[in-house]
Amino acid sequence: MARRLSYSARYTHPAEKLYQAQSIKQYWDDMMAGFQMISPHCEVASFTSDETGIKVVLKQTIGRDQLPPLAQTVMMKDMVITREETLGPFDPDNTKGTYNASIPAGPGSLNGWQELFPTDDGCTIRRTSEAKVFVPFVNGKLEQMILINLVDLFRAEAEYAKDWIDKNL
């Protein structure tokens, strides 16, 4: 059975400003450069931003030795994560998108839905993630570990976005 978790990142910037930042390739390139402190192999594999919305594909390699012991029991090699993220055309009331992550020979899946909407003092991105692991006996623990680590990632990315917008827009 898959596990779900919702996380909301709140910003003091308006939704238009956050969308504008994410529609610039340099935003993603700079984010991947920051991830290189943790994982030396990070890149923006593809990026498009046009009237249909934003689509970005990120690739990150995490060394097997950096994985928690429980994850090392199912990952025999370095973990290569391909993450695809989309946001539709900007809608001032609610911009919707998706994200997913895949790991070749990985034991599960991660999918999610996101929405960007205005608030009285800025905007919020709400992300709902669903993790499913296909390994008997440890699936629940791994799913929970994935979701907890995902929240940490989303928090770090929210801080990055705030800082990047302040410096660049």
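Residues numbered from 1 in each chain as written. Predicted model: local features only at pLDDT ≥ 70, side-chain atom pairs only at ≥ 80, totals over all residues. Heavy atoms only, no water.

Per an unreviewed UniProt entry, the protein chain is named DUF2505 domain-containing protein, and its organism is Gordonia namibiensis NBRC 108229.

Broken down by element type, the protein chain carries four helices and seven strands. When the helices and strands of the protein chain are placed in sequence order, the string is β-α-α-β-β-α-β-β-β-β-α. Once the C-alpha set of the protein chain is aligned to its principal axes, its extents read approximately 45 × 30 × 25 Å. Of all 169 residues assigned to the protein chain, the portion counted as buried reaches 42%. Considering only contacts within the protein chain whose residues lie at least 6 apart along the sequence, 55% involve residues at least 24 apart. For the protein chain, the distance from the average position of its 18 positive side-chain charges to the average position of its 22 negative side-chain charges is 8 Å. (Helix = DSSP H or I, 4+ residues; strand = E, 2+ residues; numbered from the N terminus. Buried < 20%, exposed > 50% of the residue type's maximum accessible area, 1.4 Å probe, protein only. Contact = heavy atoms within 4.5 Å. Lys, Arg positive; Asp, Glu negative; His and termini not counted. Charge placed at Lys NZ, Arg CZ, Asp CG, Glu CD.)

Glancing now at the nonpolar core. Buried together is how nonpolar side chains tend to be arranged in soluble globular proteins. Ranked by size, the top nonpolar core spans 33 residues in total, and within it Tyr11 and Leu18 carry the most contacts. Of all elements in the fold, only β1 (3-11), α1 (15-22), α2 (25-35), β2 (41-50), β3 (53-62), β6 (108-119), β7 (122-133) and α4 (139-168) reach the threshold of two or more residues within this core. In terms of residue count, the dominant contributor to this core is α4 (nine residues). The next biggest cluster of nonpolar side chains, apart from the first, holds five residues, and it includes Val135, Val138, Leu142 and Met145. (Core = buried A, V, L, I, M, F, W, Y, C linked by side-chain atoms within 4.5 Å.)

Let's shift gears to the packing of aromatic side chains. This model, assessed by the stated rule, comprises six aromatic pairs. When the centroid spacing of 5.3 Å and the interplanar angle of 85° are considered together, the rings of tyrosine 27 and tryptophan 164 count as edge-to-face. Placement of tyrosine 27 in helix α2 and of tryptophan 164 in helix α4 is noted, with a sequence separation of 137 residues between them. On the basis of relative accessibility, which here comes to 2%, the residue tyrosine 27 falls in the buried class. The class of tryptophan 164 is buried, set by a relative accessible area of 6%. Stacked on the ring of tyrosine 99, the Lys or Arg arginine 127 has its end atom at 5.9 Å from the ring centre. Above the ring of tyrosine 11, the side-chain terminus of lysine 162 is found at 5.8 Å from the ring centroid. (Phe/Tyr/Trp six-rings, centres within 6.5 Å; stacked < 30°, edge-to-face > 60°. Lys NZ or Arg CZ within 6 Å of the ring centre and 35° of its normal.)

So, on to the side chain of glutamine 22. Its place among the elements puts glutamine 22 in helix α1. Those residues in contact with glutamine 22 that sit more than four places away from it in its chain are Tyr27, Trp28, Phe47, Ile54, Glu85, Leu87 and Ile125.

Let's shift gears to the packing of α1 against α4. Contact geometry of α1 with α4 gives a least axis separation of 10 Å together with a crossing angle of 90°. Here α4 runs roughly perpendicular to α1, going by the angle between their axes. Two secondary-structure elements touch here, α1 through Lys17, Leu18 and Ala21 and α4 through Ala161, Trp164 and Ile165. For the contact of α1 with α4, the residue count by class is five nonpolar, no polar and one charged. (Axes fitted to C-alpha atoms, helices over the stretch in contact; angles between N-to-C directions. Parallel < 35°, antiparallel > 145°, perpendicular 65-115°, else oblique. Nonpolar A, V, L, I, M, F, W, Y, C, P; charged D, E, K, R; others polar.)

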